[in-house]
Amino acid sequence: MKIPNSCRDISGLLLAREDRSLSVGERLAVRVHILTCRACQRFEKQTLLLRGALRQWREHQQRDD
Amino acid sequence: MTPESQPAIDPSALGRQIEALRPTLLRLARLQLRNPAWAEDAVSETVLAVLQGASSFRGGAQFKTWVVGILKHKVLDQLRQRAREPAAPEPADAGADELDARVYKQDGHFRELPDRWADPCNELQREQFFAVLEACLEHLPNRQGRVFLMREWLEIDSAAICQELGIAPTNLWIQLHRARLRLRECLQSNWFGAHAR
């Protein structure tokens, strides 16, 4: 099995974890890569911010104005 | 009638309240279903259910929360019903390779360092951001938009979406991956990038 190590692989896993559980190997690959990759550190922050924004949007749809 | 047993909605105001909510209900249903006729059906079913159930609404939740909750069930009913019908062919996602090439170099590393994003949900900007977010969601290809909103608006887990739509998990994950990448790119262009300048 190919070990994920490019930014494409790692950012793909960062997106995938919104929809499925990552395996231990995948989680380890993400953490090791992110230690030294500024681009993927930024990408991870973007995914977390977007997760929060989508949650707030969802809640906003149900609140009385 | 004791005060405890009185309905939380004034029957004379009910029609007005539903009418005021209708544009929001229609917008949400269209966003999820990607088909104006299906969305109209889901909203009509919702209004019917609200009228039939209004006497049982006790006001523990906000009226809008209650109605949108009903809409979500009706939208899911539509998705189930349409999943059983022979699907009209949808165009293949022709832009997927171009999207990948815009984000990554051939060696798999990012073409550009991703921007620092500021929290878009502060009090002053929230409404504007949500409008841009919805515009970006509308621009997703139909199939991607449908599954993405099943995850993020209807809050259905991946296994249940596969079951509802009769698709394989790998197919779903590809659709969701592309939707998330497109949404990120659209928000970068129309919100985060625009606000950084």
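Further up the page is the structure itself.
S.K.: Can you explain the packing of aromatic side chains? Please cite residues and give values.
M.R.: All names here are of chain B. Within this structure, the stated rule accounts for seven aromatic pairs over all chains. An angle of 45 degrees between the planes, with centres 6.0 Å apart, marks the rings of phenylalanine 63 and tryptophan 66 as tilted. Here phenylalanine 63 and its partner tryptophan 66 are both found in helix H3 (residues 63-83), three residues apart, which amounts to about one turn of the helix. Ring geometry for tryptophan 117 versus phenylalanine 192: centroids 3.9 Å apart, planes at 5 degrees, classification stacked. You can see tryptophan 117 sitting in the loop between helix H4 (96-103) and helix H5 (126-138) and its partner phenylalanine 192 sitting in helix H8 (residues 169-196), a full 75 residues away along the chain. You'll find tryptophan 117 and phenylalanine 192 in the same group, each marked buried. One aromatic cluster is present, formed by Trp117, Phe129, Phe130, Trp191 and Phe192 through successive ring pairs.

S.K.: Mind laying out the environment of Leu54(A), listing which residues take part and the relevant values?
M.R.: Along the polypeptide, Leu54(A) turns up in helix H3 (residues 38-60). Residues within four places of Leu54(A) in sequence aside, it is in contact with Leu133(B), Phe148(B) and Glu152(B).

S.K.: Quick rundown of the interface of chain A and chain B? Include the residues and the values.
M.R.: Between chain A and chain B, the contact holds 28 residues from the first and 51 residues from the second. Our count for the chain A to chain B interface comes out at five salt bridges. Across the salt bridge formed by Arg58(A) and Glu152(B), the nearest N and O atoms sit 3.6 Å from each other. Summed over the shared surface of chain A and chain B, the number is 15 residue pairs in polar contact (both at pLDDT 80 or more).

S.K.: If you had to explain H3(B) to someone new, which residues and values would you point to?
M.R.: Counted at 1.5 Å a residue, the expected span for H3(B) with its 21 residues is 30 Å, and the 30 Å between its end C-alpha atoms agrees. Every buried residue of H3(B) is accounted for by Phe63(B), Lys64(B), Val67(B), Val68(B), Ile70(B), Leu71(B), Lys72(B), Val75(B), Leu76(B), Gln78(B), Leu79(B) and Arg82(B). If you follow the buried residues of H3(B), they end up packed against H3 of chain A together with helix H1 (11-33), helix H2 (36-53), helix H6 (142-152) and helix H7 (158-165) of chain B.

S.K.: Please provide a residue-by-residue account of the state of the cysteines, values included.
M.R.: What the rule picks out here adds up to one disulfide over all chains. The disulfide bridge from Cys136(B) ends at Cys186(B), spanning 2.1 Å between sulfur atoms. Around the S-S axis, the bridge from Cys136(B) to Cys186(B) shows a dihedral of about -80 degrees and counts as left-handed. Residue Cys136(B) is located in helix H5, and its partner Cys186(B) is located in helix H8; the two are separated by 50 residues in the primary sequence. For the pair shown, Cys136(B) and Cys186(B) are each scored as buried. Free cysteine Cys37(A): the closest other cysteine sulfur is in Cys40(A), separated by 3.7 Å. The class for Cys37(A) is buried, based on a relative accessible area of 13%. Taking relative accessible area as the criterion, Cys40(A) reaches 0% and is therefore assigned buried.

S.K.: Break down the pattern of salt bridges for me, citing the residues and quoting the values.
M.R.: All chains considered together, the criterion is met by 17 salt bridges over all chains. Notably, a salt bridge pairs Glu44(A) with Arg17(A), separated by 3.0 Å at the nearest N-O pair. Of this pair, Glu44(A) sits in helix H3 while Arg17(A) is found in the loop between helix H1 (7-16) and helix H2 (24-36), placing the two residues 27 residues apart along the sequence. One network of salt bridges, in which partners are shared, links Asp19(A), Arg58(A), Lys72(B), Arg151(B), Glu152(B), Glu155(B) and Arg180(B).

Rules of the game
Residues numbered from 1 in each chain as written. Chains lettered and ligands numbered in written order. Predicted model: local features only at pLDDT ≥ 70, side-chain atom pairs only at ≥ 80, totals over all residues. Heavy atoms only, no water. Phe/Tyr/Trp six-rings, centres within 6.5 Å; stacked < 30°, edge-to-face > 60°. Helix = DSSP H or I, 4+ residues; strand = E, 2+ residues; numbered from the N terminus. Buried < 20%, exposed > 50% of the residue type's maximum accessible area, 1.4 Å probe, protein only. Contact = heavy atoms within 4.5 Å. Salt bridge = Lys/Arg side-chain N within 4 Å of Asp/Glu carboxyl O. Polar contact = N/O pair within 3.5 Å; in protein donor to acceptor, adjacent residues only side chain to side chain. Expected span 1.5 Å × (residues − 1). Disulfide = S-S within 2.5 Å.

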